[in-house]
Amino acid sequence: MRKIIIAGNWKMFKTQAETLEFLQGFMPLLEETPDDREILLCVPFTDLAVLSENLHGSRIQVGAQNVHWAESGAFTGEISASMLVELSVRYVVIGHSERRQFFGETDETVNLRLKAAQKAGLKPILCVGESKAQRDAGETEAVIFEQLEKGLAGVDQENLVIAYEPIWAIGTGDTCESIEANRVIGLIRSKLTNPNVTIQYGGSVKPENVDEIMAQPEIDGALVGGASLDPKGFARIVNYQ
């Protein structure tokens with residue numbers, strides 16, 4: 001059985017005080033959440049300590065937004081895997097579409113980050129996906145297959161989550177039909193050596209479409225952006241039917 005993981009992906013939202021306010025509104029809404037799904041909050045580095053402290057003993061896991069491959073002396077603005085472990089982080093999102101699109105993140109540096117995370121005992125969430133220009137040119141499969149081939153070289157697929165994150169469907173108003181997301185995720189799975197890898201969908205998951213998305217057979221969870229910032233909205237997503 002593949003694990004279902006629903007992850008809130010806050011990027012650079014919420015101060016520590018706002019994070020505490022979110023938890024106060026969100027945690028009471030999980031009393032009837034089915035046991036078959038894991039809940040994860042991936043937050044900015046500045047919120048990790050307060051999140052870890054307040055989630056101790058709860059069913060919610062802590063995730064980070066990125067990690068550097070250097071064990072110490074990482075570049076300014078980056079954080080090492082050992083620092084994340086010290087903060088009780090279990091997951092880390094790597095290969096964000098924004099980092100690929102706006103910061104020149106390459107498959108080679110993604111690979112270094114993945115291996116560093118696993119070496120430290122973290123479980124990475126690898127984001128893959130195509131831009132609108134690539135999609136319009138019919139290059140979706142080629143782009144994603146190259147991201148997988150280069151990104152996963154030497155990576156342990158027994159300790160990995162993948163998120164299909166189509167860049168063209170994030171914050172653009174465009175949407176990826178659930179059937180199409182399921183098709184692409186099926187293609188991703190066909191390229192893996194471990195068929196039991198959890199593969200999330202990460203393109204505009206909202207309370208109003210989560211039931212349809214999660215009904216697709218290849219989709220094992222969701223990497224939720226802006227819709228995860230609201231306690232009631234995210235609880236609706238976590239408690240999908």
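Up top you'll find the structure we're talking about.
Definitions and cut-offs
- Residue numbers here run from 1 along each chain, matching the order of that chain's written sequence.
- Local features in this predicted model are restricted to residues of pLDDT 70 or higher, and side-chain atom pairs are both shown and tallied only at a pLDDT of 80 or more, whereas totals for entire chains, interfaces and linings draw on every residue.
- Here the side-chain values reflect all heavy atoms present in the structure, with hydrogen atoms and water set aside.
- The classification of residues rests on relative accessible area computed with a 1.4 Å probe and restricted to protein chains. Under 20% of the type maximum is buried, over 50% is exposed, and intermediate values are partly exposed.
- Here a strand is any run of E in DSSP of at least two residues, a helix any run of H or I of at least four, and the numbering for each starts at the N terminus.
- In this analysis, two residues are considered to be in contact whenever any of their non-hydrogen atoms come within 4.5 Å of each other.
- Every angle, taken between N-to-C directions, lies between 0 and 180 degrees, and every axis is a line fitted to C-alpha atoms, over only the stretch in contact when it is a helix.
- By definition in this entry, angles of less than 35 degrees are roughly parallel, angles greater than 145 are roughly antiparallel, angles of 65 to 115 are roughly perpendicular, and the rest are oblique.
- A crossing counts as left-handed when the near helix is turned anticlockwise from the far one by less than a right angle, and as right-handed when that turn is clockwise.
- Pairing between strands requires that DSSP locate at least two bridges from one strand to the other.

Draft legend 1. Here's a closer look at helix H2 (residues 48–55). Within H2 the residues assigned to the buried category are Leu48, Val50, Leu51, Ser52 and Leu55. On its buried side, H2 packs onto helix H1 (16–26), strand S2 (37–43), strand S3 (60–64) and helix H3 (81–86). Positive backbone phi, at 85 degrees, marks Gly57, one or two positions downstream of H2.

Draft legend 2. How the structure looks around the packing of H1 against H2. Between H1 and H2, whose axes approach to 9 Å, the crossing angle comes to 30 degrees. In terms of axis orientation, H1 runs roughly parallel to H2. Viewed along their axes, H1 and H2 form a crossing whose handedness is right-handed. Contacts between H1 and H2 involve Gln16, Thr19, Leu20 and Leu23 on the former and, on the latter, Val50, Leu51, Asn54 and Leu55.

Draft legend 3. Representation of the pairing of strand S8 (residues 221–224) within the structure. Side chains of S8 alternate between two faces, with Gly221 and Leu223 and Ala222 and Val224 buried alike. With 4 bridges joining them, strand S1 (residues 4–9) and S8 adopt parallel strand pairing. In the strand pairing of S8, Ala7 is matched with Leu223. Bridge count for strand S7 (residues 198–201) against S8 is 2 bridges, and the pairing is parallel. Looking at the pairing, Tyr201 lines up with Ala222 of S8.

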